[in-house]
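Fold and geometry: a report
As a plain string of letters, each chain reads:
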Amino acid sequence: MAASSSPLAAAVVVAAAVVGLCVGGGEAQLCEDYYDCTCPDAYDIVRRVLIEAQKSDTRIFASLIRLHFHDCFVQGCDASLLLDTVSGMQSEKESPPNNNSARGFDVVDNVKAALEDACPGVISCADLLALAAEISVELSGGPGWGVLLGRLDGKTSNFDGSLDLPAPTDNLTVLQGKFLKLNLNDVDLVALSGGHTFGRVQCQFVTDRLYNFSGTNQPDPTLDATYRAFLSQRCPQNGPPAALNDLDPTTPDTFDNNYYTNIEVNRGFLQSDQELKSSPLAQGTTAPIVDGFATSQAAFFTSFAQSMINMGNIAPLTDPSVGEVRTSCRRVN
Ligand code: HEM
Ligand SMILES: *[C@@H]1O[C@H](CO)[C@@H](O)[C@H](O)[C@H]1NC(C)=O
Ligand SMILES: *[C@@H]1O[C@H](CO)[C@@H](O)[C@H](O)[C@H]1NC(C)=O
Ligand SMILES: *[C@@H]1O[C@H](CO)[C@@H](O)[C@H](O)[C@H]1NC(C)=O
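Residues numbered from 1 in each chain as written. Chains lettered and ligands numbered in written order. Predicted model: local features only at pLDDT ≥ 70, side-chain atom pairs only at ≥ 80, totals over all residues. Heavy atoms only, no water.

- Looking at an unreviewed UniProt entry, the protein carries the name Plant heme peroxidase family profile domain-containing protein, with the source organism given as Zizania palustris.
- One UniProt comment on the protein, placed under Sequence similarities (unreviewed entry), says "Belongs to the peroxidase family. Ascorbate peroxidase subfamily."
- On record in UniProt, under Catalytic activity (unreviewed entry), the comment for the protein is "2 a phenolic donor + H2O2 = 2 a phenolic radical donor + 2 H2O". (UniProt positions renumbered as here; feature names shortened; annotations may be inferred.)

Here it is, written out as structure tokens:
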């Protein structure tokens, strides 16, 4: 905590921290020290459970950051993704972008249980996802950042809203539109797409690029021929659609800038990845940003950290008359 210049300021900071508040203007906002008094070990607890989980699930760090992304993009970072279906409310986790794709919910439950053990009723599931995302990146070799905290959990899941999540077949214009709607600019789009530096992806998301791109009965011309041959072996035309591949075959579980060096040589996995460099509209917009991150991992890390904070700031729910701290991430209290 920053040193306070006056005793009065110090008293205000202490009083705010005791009840878990973020000192600032009238606007609802998040802060790094939100749980410093109410659950000082929160970060270490999350970290410990994640390290344990990764021992039997190499992919879990990637899966967890994706949960934070899919949560934040649908009615803000309110853990709406984590609610199970109940009568009258179908969960986001069953929508096409998530069903049989989003994963890690059991590990989220384990983290939540450990947090409830230490500090009952204190840490929201939305903040849990933000913490898990940061810790996952750091443990994979990526940058750290001060996670902003103080979100409450919402009481609804938004199935229809999740239909609008960015899709692997989206072109650059559509991707830019979906990000801009959430106040995320081209740098955010390119930096956050760098999340595809680790994790897995099913064959079904590349088959059109391999065999019938945009209904042409031809492969995607922006896909490197050697990489296409490699992927065609792994994903035969009528093979199992759920077979898994590495999003970044060069370093599958490491958070580095190889996502961008792959794109530079036409080895982006998804159309939405390669669009950032190869769309005619990328010249002068996203392509130079890809170039910059391919050349400098430090530049990527700096931007990624800032863009994760930006994404974590989407519509924070801080009004206790609307949100709550869930006891189980799967259901409202
Ligand atoms: C730009 C638009 C994006 C699109 C179209 C997109 C699409 C996808 C798709 C189709 C998959 C594979 C899912 C599956 O095979 O079941 C995937 C995986 C993944 N995505 Fe994205 N994504 C985007 C942005 C992001 C962002 C912003 C992040 C995080 C900052 C992210 C992190 C990940 C990770 C880590 C995985 C692997 C998950 C795992 O192994 O469980 N993606 N994405
Ligand atoms: C989600 O996937 C399960 C298992 O494959 C399937 O039974 C269910 O119908 C799917 N749900 C929706 C809403 O499509
Ligand atoms: C991008 O996709 C949208 C929706 O499919 C389409 O309307 C638009 O023409 C496409 N833009 C380009 C440049 O291909
Ligand atoms: C390729 O895609 C087009 C348009 O979606 C479809 O009409 C055609 O049947 C597909 N070709 C093959 C061989 O599946």
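1. Points about the overall build of the protein
- Helix and strand content of the protein: 14 helices and two strands.
- Radius of gyration (C-alpha) of the protein: 20 Å, near the 20 Å computed for a compact globule of 333 residues.
- Among the 333 residues that make up the protein, the fraction classed as buried is 49%.
- Expressed as a percentage of contacts within the protein between residues at least 6 apart in sequence, the contacts between residues at least 24 apart total 73%.
- Working note: accessible area of the protein is about 14,600 Å², and carbon and sulfur atoms make up 54% of it.
- When the 21 basic and 39 acidic side-chain charges of the protein are each reduced to a single mean position, those positions are 6 Å apart. (Helix = DSSP H or I, 4+ residues; strand = E, 2+ residues; numbered from the N terminus. Rg over C-alpha atoms; globule rule 2.2 N^0.38 Å. Buried < 20%, exposed > 50% of the residue type's maximum accessible area, 1.4 Å probe, protein only. Contact = heavy atoms within 4.5 Å. Areas by Shrake-Rupley, 256 points an atom, 1.4 Å probe, with all protein chains shown as cover. Lys, Arg positive; Asp, Glu negative; His and termini not counted. Charge placed at Lys NZ, Arg CZ, Asp CG, Glu CD.)

2. Considering the nonpolar core
- Judged by nonpolar contacts, the single largest core of 75 residues is most densely connected at Leu50 and Phe304.
- Residue-level mapping places this core at the junction of two domains, with at least three residues from each of domain 1 (22-165) and domain 2 (172-307).
- Excluding anything up to four places from it in sequence, Phe304 contacts Ile65, Val137, Pro143, Trp145, Ala191, Leu192, Gly195 and Phe255.
- Residues Val206, Tyr211, Tyr227 and Cys235 belong to the second largest nonpolar core, which totals twelve residues. (Core = buried A, V, L, I, M, F, W, Y, C linked by side-chain atoms within 4.5 Å. Domains from an automatic or database assignment.)

3. Some words on the site of ligand 4
- Near ligand 4, the surroundings consist of Asn212, Gly215 and Asn217.
- One nitrogen or oxygen atom from the side chain of Asn212 is found 2.4 Å from an oxygen atom belonging to ligand 4.
- A distance of 3.0 Å separates a nitrogen atom of ligand 4 from a polar atom in the side chain of Asn217. (Near = heavy atom within 4 Å. Polar contact = N/O pair within 3.5 Å; in protein donor to acceptor, adjacent residues only side chain to side chain.)

4. A short note on the state of the cysteines
- Taken as a whole and assessed by the stated rule, the structure comprises four disulfides.
- Across the disulfide from Cys72 sits Cys77; the S-S distance is 2.1 Å. Residues Cys72 and Cys77 are joined through a disulfide that is right-handed, its torsion about the S-S bond being 115°. Judged on exposure class, the residue Cys72 and its partner Cys77 are both buried.
- There is a disulfide in this structure between Cys125 and Cys329, and the S-S distance comes to 2.1 Å. Every disulfide takes its handedness from the sign of the S-S torsion; for Cys125 and Cys329 that torsion is -95°, giving left-handed. Residue Cys125 is located in helix α5 (residues 125-139), and its partner Cys329 is located in the segment after α14 (297-312); the two are separated by 204 residues in the primary sequence. Neither residue differs from the other here; Cys125 and Cys329 are each classed as buried.
- The closest cysteine sulfur to the non-disulfide-bonded Cys37 is located on Cys31, 11 Å from its own sulfur. (Disulfide = S-S within 2.5 Å.)

5. Things to note about the pattern of salt bridges
- This model, assessed by the stated rule, comprises 15 salt bridges.
- Put simply, Asp109 and Arg330 hold a salt bridge, and the shortest N to O gap is 2.7 Å. One end of the pair, Asp109, is in helix α4 (residues 105-118); the other, Arg330, is in the segment after α14, and 221 residues separate them in sequence.
- Asp109 gets classed as partly exposed once you look at its relative accessible area, which sits at 26%. (Salt bridge = Lys/Arg side-chain N within 4 Å of Asp/Glu carboxyl O.)

6. Considering the UniProt feature "binding site: substrate" (unreviewed entry) in the protein
- Residues given the UniProt feature "binding site: substrate" (unreviewed entry) here are Pro166.
- Assignment of secondary structure puts Pro166 in the loop between α6 (159-162) and α7 (172-180).

7. Regarding the site of ligand 2
- Inspection of the region around ligand 2 gives Gln90, Glu94, Asn99 and Asn100 as its neighbouring residues.
- Contacts to ligand 2 include Asn99, whose side-chain N or O atom sits 2.5 Å from an oxygen atom.
- Interatomic distance of 3.0 Å between a side-chain N/O atom of Asn100 and an oxygen atom of ligand 2.
- Within the complex, the protein chains bury 37% of what would otherwise be the 360 Å² of accessible surface of ligand 2.
- Residue composition of the shell around ligand 2, grouped by class: no nonpolar, three polar and one charged. (Nonpolar A, V, L, I, M, F, W, Y, C, P; charged D, E, K, R; others polar.)

8. Focus on the side chain of Gln202
- In this structure, Gln202 sits in strand β1 (residues 200-202).
- At 3.1 Å, the side chain of Gln202 forms a polar contact with the backbone oxygen of Asn100.

9. Concerning unusual backbone geometry
- Even without glycine at this site, Ser214 takes up a positive phi of about 50°.
- With respect to the element layout, Ser214 can be found in the loop between α9 (207-211) and α10 (225-234).
- The phi dihedral of Ala315 is positive, around 40°, even though this residue is not glycine.

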